Amino acid sequence: RKEVEQDPGPFNVPEGATVAFNCTYSNSASQSFFWYRQDCRKEPKLLMSVYSSGNEDGRFTAQLNRASQYISLLIRDSKLSDSATYLCVVNVMTTDSWGKLQFGAGTQVVVTP
Amino acid sequence: DVKVTQSSRYLVKRTGEKVFLECVQDMDHENMFWYRQDPGLGLRLIYFSYDVKMKEKGDIPEGYSVSREKKERFSLILESASTNQTSMYLCASSFKNSYEQYFGPGTRLTVT
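Owing to the predicted nature of the structure, the values given are computational and were not obtained by experimental measurement.

Caption draft 1: Main features of the overall build of chain B. Per the secondary structure count, chain B includes zero helices and 11 strands. The linear arrangement of helices and strands in chain B, starting from the amino end, is β-β-β-β-β-β-β-β-β-β-β. Taken over C-alpha atoms, the radius of gyration comes to 13 Å for chain B, in line with the 13 Å a tight globule of 112 residues would show. A principal-axis box enclosing the C-alpha atoms of chain B has dimensions of 40 × 25 × 25 Å. Residue burial in chain B is summarised as follows: out of 112 residues, 47% are buried. Put simply, of all contacts in chain B between residues at least 6 apart along the chain, 55% involve residues at least 24 apart. Accessible surface for chain B amounts to roughly 5500 Å². Of this, 49% is attributable to carbon and sulfur atoms.

Here's what the structure looks like:
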């Protein structure tokens, strides 16, 4: 079983609409959570961290549900430029002082005019 | 702006060849990482380093080795390339206690 699972999509979204998708993680000891964005043929870049209380960054809202072990990302008022693959990333502490990031395979979002 | 550069964008090698992938970062980051990215599998950590001359195995170290002689440079070595090492290789770096990793543009390696 993968440590971080995502629906690969694609999620086809009309411009201006709202899209939301989840990611589940298997290790209950996971401590930190992030969404990275990866444009086609580009490198991943940090989109936002996910906090226990939920957090917003402009049109993006991230939520964490520790009891059910999933995180979610919601994009409001979708723009064409939001088309990308969104990677769910979970930090799992190891015996080292620094934890290891586990990446999901990504959810593809395609925003259409 | 943080810059992580990788020596090649595309590389084609033959089975059995020794392959060097180089990564350089200019932000004085302590941590450096090598991942491979394959469709449906996401990024998988091969090796990482949290200091010069230090290295730690990631999830899939078999068939790879690394070298970090200088803080800004982290090399990935395929001692004897095999076809199952055909993949996109991504280097990343971060500050010591930060989870924000900065990625290079990637090297698409094809082993024939």
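So, next bit.
Caption draft 2: Structural view of the pattern of salt bridges. Residue and element names in this part refer to chain B. Counted by the stated rule, this structure contains 10 salt bridges over all chains. R73 is paired through a salt bridge with E22; the nearest N and O atoms lie 3.0 Å apart. Highlighted residues: R73 in strand β8 (residues 73-78) and E22 in strand β3 (residues 19-25), separated in sequence by 51 residues. The salt bridge involving R44 is made with D38; its shortest N-O contact spans 2.9 Å. The exposure class of R44 is partly exposed, given its relative accessible area of 24%. Three or more residues are tied together by salt bridges with common partners; here these are R36, D38 and R44.

Caption draft 3: Region of the structure containing the pairing of strand β9 (residues 87-94) of chain B. All names here are of chain B. Within β9, eight of the eight residues are buried, which leaves the element mostly enclosed by the surrounding structure. Both faces of β9 are covered, namely the face carrying S87, Y89, C91 and S93 and the face carrying M88, L90, A92 and S94. Note: strand β4 (residues 31-38) against β9, seven bridges, orientation antiparallel. Looking at β9, one finds that Q37 is bridged to M88. Bridging between β9 and strand β11 (residues 107-111) involves three bridges; their strand directions are antiparallel. Paired with Y89 across the bridge in β11 is T107. Sheet topology places β9 next to strand β10 (residues 102-103); two bridges connect them, and they run antiparallel. Following the sheet pairing, A92 is matched in β10 by F103.

Caption draft 4: Highlighting the sheet that holds strand β7 (residues 64-70) of chain B. Residues and elements named next belong to chain B. Strand order in this open sheet of four strands is β1-β3-β8-β7, and the pairing throughout is antiparallel. Bordering the open sheet on either side are β1 (4-6) and β7, each of which pairs with just one other strand. On average, each strand axis in the sheet is tilted by 20 degrees relative to the strand beside it, whichever way the strands run.

Caption draft 5: Expanded view of the interface of chain B and chain A. The interface of chain B with chain A comprises 21 residues on the first partner and 21 residues on the second. Buried surface at the junction of chain B and chain A, both sides included, amounts to about 1700 Å², of which 56% is carbon and sulfur. Area buried by chain B at its contact with chain A is led by L43, Y99 and F103 of chain B, which between them contribute 35% of it. At the junction of chain B with chain A, the criterion picks out zero salt bridges. Seen at the junction of chain B and chain A, the total is four residue pairs in polar contact (both at pLDDT 80 or more). Among the elements of the structure, β4 and β5 (42-49) of chain B are those that each provide at least two residues to the side of chain B that touches chain A. Within the side of chain B that touches chain A, the residues separate by chemical class into 10 nonpolar, seven polar and four charged.

Thresholds applied
- Residues numbered from 1 in each chain as written.
- Chains lettered and ligands numbered in written order.
- Predicted model: local features only at pLDDT ≥ 70, side-chain atom pairs only at ≥ 80, totals over all residues.
- Heavy atoms only, no water.
- Helix = DSSP H or I, 4+ residues; strand = E, 2+ residues; numbered from the N terminus.
- Rg over C-alpha atoms; globule rule 2.2 N^0.38 Å.
- Buried < 20%, exposed > 50% of the residue type's maximum accessible area, 1.4 Å probe, protein only.
- Contact = heavy atoms within 4.5 Å.
- Areas by Shrake-Rupley, 256 points an atom, 1.4 Å probe, with all protein chains shown as cover.
- Salt bridge = Lys/Arg side-chain N within 4 Å of Asp/Glu carboxyl O.
- Pairing = 2+ DSSP bridges.
- Axes fitted to C-alpha atoms, helices over the stretch in contact; angles between N-to-C directions.
- Buried area = accessible area lost by both parts, 1.4 Å probe.
- Polar contact = N/O pair within 3.5 Å; in protein donor to acceptor, adjacent residues only side chain to side chain.
- Nonpolar A, V, L, I, M, F, W, Y, C, P; charged D, E, K, R; others polar.

Keep in mind that these numbers describe shape and distance, not what the molecule does.
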